[in-house]
Each structure stands twice: as structure tokens, then as C-alpha cells.
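Tertiary structure, described
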There are 6 protein chains.
Amino acid sequence: MPIIRVEMFKGRTVEQKRALVRRLTEAFVTAAGVNPDSVQVVITDVDKSDWGSGGQLASDKFPD
Amino acid sequence: MPIIRVEMFKGRTVEQKRALVRRLTEAFVTAAGVNPDSVQVVITDVDKSDWGSGGQLASDKFPD
Amino acid sequence: MPIIRVEMFKGRTVEQKRALVRRLTEAFVTAAGVNPDSVQVVITDVDKSDWGSGGQLASDKFPD
Amino acid sequence: MPIIRVEMFKGRTVEQKRALVRRLTEAFVTAAGVNPDSVQVVITDVDKSDWGSGGQLASDKFPD
Amino acid sequence: MPIIRVEMFKGRTVEQKRALVRRLTEAFVTAAGVNPDSVQVVITDVDKSDWGSGGQLASDKFPD
Amino acid sequence: MPIIRVEMFKGRTVEQKRALVRRLTEAFVTAAGVNPDSVQVVITDVDKSDWGSGGQLASDKFPD
């Protein structure tokens, strides 16, 4: 029943998300010893203008 | 002041969300004994390509 | 696969949490039309000294 | 490494989000005594039709 | 109705949390223009052995 | 700056959490192509009496 939640900058392809779900699930299963079918992963794409670090918007610090 | 947060597949109508907010609030009030005015509900619609289970994207397992 | 997450003040009994899980799940199933087995509920108990509203700690506003 | 997460109604401008990230980071640094560079802020815009309080959708209670 | 959620290392005093709630609320009100009474803040204390960065537990990187 | 958040049943050892942080970070780096130093992982241990599925508390369904 474990839940893995990922917040990352918007922009990954479905192919990258597919790999992410597969690899995070494998990592969890190996480290914590659970049935892979019970693992859920929820991905949240975050705009750079919705993410701040060091007091600055990422869209200002790391423009595309 | 309780907060209820819902993550579910994208695709519910506003009418379903209206019912969801009403029913979840009633359920909380009945079970936990609080004033309904204090209950907040935040709904997050998740794309099937952002949700994984069993190591696979839901968009692959349950295509529309 | 829906996930319901509840944050509330610490202090509910296991009996209240049991009722909460049952009733929130029923509410979700009725409003959104999913299989109850797919619904997960995660409860987080929050200390009043970890919850603020209106700029004040709940432990100051609502002492036990 | 602290993480500040904000959920608010959709509709703020990038300028307001820029101010929000700067001010929340300053507030955190002043109150908790950490290096500002370590503070992350993630903003989530929520539609009024995804937010309920008192059992009602905010889009019904507070139409635009 | 905005919700501010803070995750930080365990160890702050109630006095620091009181200041944090007050200052984060003020920051939000100033930047986003809402009524302070509507702002909620939920603080989560995280053990260093529950926080990783760069692939390492914070309890290993920054022992007390 | 990605954030990975894990919710799982309480009971894993620090050694398992250390492996979890390392493996989830590697999985993320491989699938999404970021610098490992930027990846944060926050683990939340959840009591079985705070987790429900199928309308029942996990502490009732899966007693220790």
C-alpha cells in the first residue's frame, strides 16, 4: 500500500514517466520488501513559476 | 480545521465533485464530530499518465 | 486507486478512525462511482502546536 | 532543506508568486534560523471547483 | 482558505513554531492579499532519519 | 529540486530507509536525468491504525 509521490519540473515525456514509475517501484520493492502490485506512484508536474528556492522563482533562476 | 485531500483520476464532472465535497464533509462530521464549516476539501485531478501502480502507468494499464 | 488524505487534530480514538475510514470510503464510492477496494485513506494526526490559523497556533487559540 | 507548500485559489500573477516565494522564504529564515538557499517553496493553484469548505464547492459559494 | 504546509527537521520549539505561523501568515497576506483569518498553516516535523538528499539520509550527512 | 515523498507502514529500520533513499534517488536520476544532489526524499511512517483500504483500517485487516 505504499504511496510514492513525485514533484518535479514540468517537461518530462510520457516515456520518461513510464521509466520513472517502473524504476521507483523497483527501488521501493528492493529496499523495503513489498509486493510491487501494492506500490502506487503519483507524479505532479510543477511549473517553474510555481517553484521557488533560495527565495526566487525557478522561472527567474533557470529560465528555459 | 480538518483538511481532506483527494487524489483521483481526472474526468469527474463538477456535479460529481459537488457531491463528493458534500458527502466527504458529512462523513467526516459524523465520524469525528466537528462543525461542518471547519472542514476543507481539496481535490486533485491526476492524469492516468501521472499515476502508476504495480510499476506501470495507469494510462498503459487502463487506456481510455 | 483514489487516495483520500485526512489531516486533523490529534486525539481521535481508533474507533473514530475506523468509522472515518468506513464513512469516507462510502462517501467516495457513492459520489464518484469507484470500487471501494481501490480507495485508500491515510490519516495524519496533527498536534495543536503544529497547526496555525489566523496567524496563531491552535494550541494558543484552543487550549485543551 | 525545509519545504513550504502552498495551496491557494488559482488566479495569482507571476509577480504575486514571485513576492510570495520571497516573503515566505524570509519569514521562514527569520523564524526558524536556516540558510535561505535551503528553503524550497512549491505552489499549487487550485480551481474553485476543486476546493470545498463547509460541504460546498468554493465555485458555488464564491462565484467569480 | 489558503493552506501553507511546512516540512522541516524536528527540533524547533513551540516558541519558534508560534513565530513561524505568525510570520508565514503575514508573508502570505502581504503577497497574496487575503484575510489572515483564512490562512491555515500545518507544520510537519521530520526526523533526520526520514529525510534524504543527494541519496543519503540527513542523519548520516548531518549527525546531531 | 525534485521531491520524492514516501508514505509506508511504520516499522522499517534506519538501514532500510538508508537503502530506500539511495535507491529511489538513483531511480529518479536514471529515469529523469537530474543531478542526484538536487533530489530530496521525505519518508512518512504511517501507523496501520491510520491507514485504510477498502473501507477498513489496515490494523484490522492486517494485524501484526
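Residues take numbers from 1 onward in each chain, read along the sequence in its written order. All chains are assigned letters beginning with A, and all ligands numbers beginning with 1, in the order in which they are written. Where totals are concerned, whole chains, interfaces and linings use all residues; where local detail is concerned, this predicted model gives features only for residues with pLDDT of at least 70, and gives and counts side-chain atom pairs only at 80 or more. To obtain the side-chain values, all non-hydrogen atoms of the structure were used and water was disregarded.

Counting residues at the interface gives 24 residues for chain F and 24 residues for chain A. Throughout, buried area stands for the accessible area (probe radius 1.4 Å) lost by two parts on being put together, summed over both. For the chain F and chain A pair, buried surface summed over both sides reaches about 2,200 Å², with 68% attributable to carbon and sulfur atoms. Looking at the side of chain F facing chain A, the largest losses of area belong to M1(F), R5(F) and A31(F), adding up to 26% of the total buried there. Criterion for a salt bridge: a side-chain nitrogen of Lys or Arg within 4 Å of a carboxyl oxygen of Asp or Glu. The salt bridge partner of E7(F) is R5(A), with a shortest N-O separation of 3.2 Å. Here a polar contact is recorded for every N or O atom pair within 3.5 Å, except that within protein the pair must consist of a potential hydrogen donor and a potential acceptor, and residues adjacent in sequence are included only if both atoms are side-chain atoms. Taken together, chain F and chain A are joined by seven residue pairs in polar contact (both at pLDDT 80 or more). Helix numbering and strand numbering both begin at the N terminus, where a helix is a DSSP run of H or I of at least 4 residues and a strand a DSSP run of E of at least 2. Elements with a contribution of two residues or more to the side of chain F that touches chain A: β1 (3-9), α1 (14-32) and β3 (51-53) of chain F. Broken down by element, the residue count for the side of chain F that touches chain A peaks at 10 residues, all from α1(F). The contact rule is simple, with two residues in contact once any of their heavy atoms fall within 4.5 Å.

Further remarks concern the relation of the copies chain F and chain A. Between chain F and chain A, which share one sequence, the superposing operator has a rotation angle of 180 degrees and an axial displacement of 0.0 Å; the RMSD is 0.0 Å. This pairing of chains is accounted for by a two-fold axis. In terms of proximity to the rotation axis, the leading residue of chain F is R5(F), whose C-alpha is 2.5 Å off the axis. Of all interface residues in chain F, 100% are interface residues in chain A too; the two copies therefore contact each other through one and the same surface. Alignment of the copies relies on least squares applied to C-alpha atoms, considering only residues that score at least 70 for pLDDT in both.

So, about the relation of the copies chain A and chain C. Mapping chain A onto chain C calls for a screw motion: a turn of 180 degrees about the axis and a shift of 0.0 Å along it, with 0.0 Å RMSD after fitting. The fraction of interface residues of chain A whose copies in chain C are also interface residues reaches 100%, indicating that both copies meet through the same surface.

Attention now goes to the UniProt feature "active site" (unreviewed entry) in chain A. UniProt positions are given in the numbering used here, feature names are shortened, and annotations may be inferred rather than shown by experiment. In the UniProt entry, the feature "active site" (unreviewed entry) is given for P2(A). Along the chain, P2(A) falls in the segment before β1 (3-9). Contact partners of P2(A), with chain neighbours within four places excluded, come to F28(A), V34(A), S38(A), V39(A), Q40(A), E7(F), M8(F) and W51(F).

Bringing the packing of aromatic side chains into the picture now. All names here are of chain C. Two aromatic rings from Phe, Tyr or Trp, using only the six-membered ring of Trp, form a pair when their centres are within 6.5 Å; if the ring planes differ by under 30 degrees the pair is stacked, by over 60 it is edge-to-face, and anything between is tilted. This model, assessed by the stated rule, comprises six aromatic pairs over all chains. Plain terms: the ring middles of F9 and W51 are 5.3 Å apart, the flat faces sit at 75 degrees to each other, and that makes the pair edge-to-face. Placement of the pair is F9 in strand β1 (residues 3-9) and W51 in strand β3 (residues 51-53), with a sequence separation of 42 residues. Partly exposed residues are those whose accessible area sits between 20% and 50% of the maximum for their type, while under 20% is buried and over 50% is exposed, using a 1.4 Å probe and protein chains only. The class for F9 is buried, based on a relative accessible area of 18%. When its relative accessible area of 0% is taken as the criterion, W51 is described as buried. Placement of a charge over a ring requires the Lys NZ or Arg CZ to be within 6 Å of the ring centre, with the centre-to-atom vector within 35 degrees of the ring normal. A cation over a ring is seen here: K48 above F9, with NZ or CZ 5.6 Å from the ring centre.

Moving on, we get to the interface of chain A and chain C. At the junction of the two partners, chain A supplies five residues and chain C supplies five residues. For chain A, the biggest contributors to the area lost against chain C are I3(A), R5(A) and Q40(A); these three give 79% of the whole. Applying the counting criterion to the chain A and chain C interface returns zero residue pairs in polar contact (both at pLDDT 80 or more). If you list the elements that add at least two residues to the side of chain A that touches chain C, you get β1 and β2 (40-46) of chain A. When grouped by side-chain class, the residues that make up the side of chain A that touches chain C number three nonpolar, one polar and one charged. Note that Gly is not counted as nonpolar here; it falls among the polar residues with everything else outside the nonpolar set of Ala, Val, Leu, Ile, Met, Phe, Trp, Tyr, Cys and Pro and the charged set of Asp, Glu, Lys and Arg.

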